[in-house]
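# An overview of the molecular structure
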Amino acid sequence: MRIVKFVALIAIFVGGSAVTSAQENYKDKAENLSYQNEDFYEVKKYTESELKFKKEPKNIILLIGDGMGVAQVFTGLTANKGELNLCNFKHIGFSKTQSSDNYVTDSAAGGTALASGVKTTNGTIGLDANGKPAKTILEYAEDNQKATGLVATSSITHATPASFIAHQPSRTMYEEIAADFLNTDIDVFIGGGAAHFKNRKDGKDLTKDLSEKGYQIVYSMEEAEKIQNNGRLAVFTADEHNDDYQLRGNMLVDATNKAISTLSADLHGFFLMVEGSQIDWGGHQNSTSFVAGEMLDFDKVIGEVLKFAIEDKETLVIVTADHETGGMAVTGGDMSTGSVNGGFVTGNHTGIMVPVFAIGPGAEEFMGIYENTEVFDKMMKLWKFKK
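Values in this document were obtained by computation on a predicted structure and should not be read as measured data.

## Considerations on the environment of Gly82
Checked against the element boundaries, Gly82 lands in the loop between helix 3 (70–79) and strand 3 (91–96). Counting along the chain gives 276 residues from Gly82 to Ala358, while the straight-line C-alpha distance between them is 20 Å. Contacts of Gly82, omitting those with residues within four sequence positions, involve Leu77 and Met335.

Have a look at this one:
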């Protein structure tokens, strides 16, 4: 166990995740391999008649559980007494996550593959393996008059959300990534990272530029809820990353609902990516409790998105991951009590396949085993977008 714990802490620096305040909370809990849920929630089981949709999607909501493999999903399933909102999904596949230069991807290359349909090198944001900009599904959606949005529990400039909007050679170029937001017409973005827009080395305050482009800028979800119109919205919920699930409350659920309510006002439809960023951090920390708590928080978001999709009938919902983290195994548990035990083989990412769940118009496209780049291809096909 001492060896695993040491590797886990070292991997935080080399495996693609910077140490954050949320992760720091678990530094002394690396041997916390059990979780006892005390906050069960009800899962609505939709009937076959409720799961009938129109033939083509007007909207696509892509939910990414960073670091979420099958073991992470089953950890959440066990912790919530055998029920998750994910259980409503009937079309399930697996994606292969290898990057262009490494059997084990990082979030930058993994996110770029999902966002742009190209394999790239680890650490690269929105560029192909030759360093050329790779156009993202968010940018294609904008070109086709659809509204767009990004939500994350990490900084909004972190690797996964950045992959959908930025084009930079390194995931650590947070200020350059922040500047790339101004090169798009994204309608809503919610997450941490205010410092990368305001407290910059170049002295610029990009929030002034955002205001000039028509964004309403607020610094909490409480402030965001007071905004009633459906104009452009930037919500910074932290200077860097948000707190972990124990401290941030319903931030991700509230942010997702706010994004949907804003974007759904667009008559042409919308694209929204929501990331449960910190499932990954639980894997890096080899903490079953961290993984379980973040997984359950993410599943609550899935439940809210499902409510909208079931009522809307024109929304395709995709739930997947950029990679798995920790080589997690579920080593024991009790679904009657919500207790679960986990184990880990590494503090880094792994190269195993990750699940892809889909529901709504075109969901059948996501069955089978395929490259992560095909998630982008399938979205483009269903929206009939041309490259």
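There is more to say after this.
## Some thoughts on the pattern of salt bridges
Summed over all chains, the structure comprises 19 salt bridges. One salt bridge connects Lys198 with Asp205, and the closest N-O pair in it is separated by 3.7 Å. With a shortest N-O distance of 2.9 Å, Asp202 and Arg200 are connected by a salt bridge. Asp202 gets classed as partly exposed once you look at its relative accessible area, which sits at 40%.

## Observations regarding the packing of helix 4 (residues 107–116) against helix 15 (residues 373–383)
Contact geometry for helix 4 and helix 15: axes closest at 6 Å, N-to-C directions at 20 degrees. Regarding the angle of helix 4 to helix 15, the classification is roughly parallel. Crossing of helix 4 against helix 15: the hand is right-handed. Across the interface between the two elements, Ala113, Leu114, Ala115 and Ser116 from helix 4 touch Thr373, Val375, Phe376 and Met379 from helix 15. Of the residues that constitute the contact of helix 4 with helix 15, the class distribution is 6 nonpolar, 2 polar and no charged.

## Some details on the layout of surface pockets
If you add up the space inside the largest pocket, you get close to 200 Å³. Contributing to the lining of the largest pocket are Tyr35, Gln36, Asn37, Glu38, Asp39, Tyr245, Gly249, Asn250, Gly293, Leu296, Asp297 and Lys300. Secondary structure elements with two or more residues in the lining of the largest pocket: strand 1 (34–36) and helix 14 (288–312). Among the residues making up the lining of the largest pocket, the classes are represented as 3 nonpolar, 5 polar and 4 charged.

## Regarding the pairing of strand 8 (residues 270–276)
Burial analysis of strand 8 places 7 of its 7 residues in the buried class, the great majority of the element. Side-chain alternation along strand 8 places Phe270, Leu272, Val274 and Gly276 on one buried face and Phe271, Met273 and Glu275 on a second face that is also buried. With 6 bridges joining them, strand 4 (residues 147–155) and strand 8 adopt parallel strand pairing. Paired with Gly149 across the bridge in strand 8 is Leu272.

## Details of the nonpolar core
By size, the foremost hydrophobic cluster in this structure holds 55 residues, and its most contacted members are Leu63, Leu86, Phe89, Leu272 and Val319. Top element by residues in this core is helix 14. It accounts for 12 residues. Aside from chain neighbours lying at most four places away, what touches Leu86 is Val73, Met295, Asp299, Ile302, Val319 and Phe357. The next biggest cluster of nonpolar side chains, apart from the first, holds 48 residues, and it includes Leu114, Ala178, Leu382 and Phe385.

## Here's the deal with a nonpolar patch on the surface
A surface patch of nonpolar side chains, amounting to about 220 Å² of accessible area, comprises Phe74, Val330 and Met335. Assignment of secondary structure puts Phe74 in helix 3. The partly exposed category is assigned to Phe74, whose relative accessible area is 35%.

## Quick notes on the sheet that holds strand 14 (residues 354–359)
The strand order across the open sheet built from 10 strands is 6-7-5-4-8-2-9-14-3-15, with neighbouring strands paired in mixed fashion. Lying at the two open borders of the sheet, with one neighbouring strand each, are strand 6 (216–218) and strand 15 (368–371). For this sheet, the mean angle separating the axes of adjacent strands, direction not counted, is 15 degrees. Bridge count between strand 3 and strand 15: 4 bridges; the pairing is parallel. From the neighbouring strand, Gly93 faces strand 15, where its bridge partner is Gly368. The strands touched by helix 12 (residues 251–263) within the sheet are strand 2 (59–65), strand 4, strand 5 (188–192), strand 7 (233–236) and strand 8, with strand 4 carrying the most contacts at an inclination of about 170 degrees.

Cut-off values and rules
- By convention here, each chain's residues receive numbers from 1 onward along its written sequence.
- Thresholds applied to this predicted model are a pLDDT of at least 70 for local features of residues and 80 or more for the giving and counting of side-chain atom pairs; totals over whole chains, interfaces and linings are not thresholded and use all residues.
- Side-chain measures here rest on the full set of heavy atoms in the structure, leaving out hydrogens and waters.
- Think of it this way: any DSSP run of H or I at least four residues long counts as a helix, any run of E at least two long counts as a strand, and we number them from the N terminus.
- We call two residues contacting when some pair of their heavy atoms lies within 4.5 Å.
- Throughout this description, the term salt bridge denotes a Lys or Arg side-chain nitrogen within 4 Å of a carboxyl oxygen of Asp or Glu.
- The rule is simple: take the accessible area with a 1.4 Å probe, protein chains only, and divide by the maximum for that residue type; under 20% is buried, over 50% is exposed, in between is partly exposed.
- Helix axes are fitted only over the stretch in contact, all axes being lines through C-alpha atoms; the angle between N-to-C directions runs from 0 to 180 degrees.
- For classification, angles of less than 35 degrees are called roughly parallel, those exceeding 145 degrees roughly antiparallel, those between 65 and 115 degrees roughly perpendicular, and all remaining angles oblique.
- In a left-handed crossing the near helix is turned counterclockwise from the far helix by less than a right angle, and in a right-handed crossing that turn is clockwise.
- Gly falls in the polar group here, along with every residue not listed as nonpolar (Ala, Val, Leu, Ile, Met, Phe, Trp, Tyr, Cys, Pro) or charged (Asp, Glu, Lys, Arg).
- Residues are said to line a cavity or pocket when one of their atoms sits within 4 Å of a point; the points come from a 1 Å grid over protein atoms alone, cavities being sets where a 1.4 Å probe fits but cannot get out and pockets being open sets with protein on both sides within 12 Å along at least five of seven lines.
- Grid points are joined across faces, edges and corners, and a volume is the space filled by probe spheres set on the points.
- Pairing between strands requires that DSSP locate at least two bridges from one strand to the other.
- Throughout this description, the term nonpolar core refers to a set of buried Ala, Val, Leu, Ile, Met, Phe, Trp, Tyr and Cys residues connected via side-chain atoms within 4.5 Å.
- Patch membership needs two things, relative accessible area over 30% and no salt bridge, and members are linked within 9 Å if like-charged or within 5 Å if nonpolar (Val, Leu, Ile, Met, Phe, Trp, Tyr).
- Each accessible area is a Shrake-Rupley result for a 1.4 Å probe, and residues are judged covered by the shown protein chains and nothing else.

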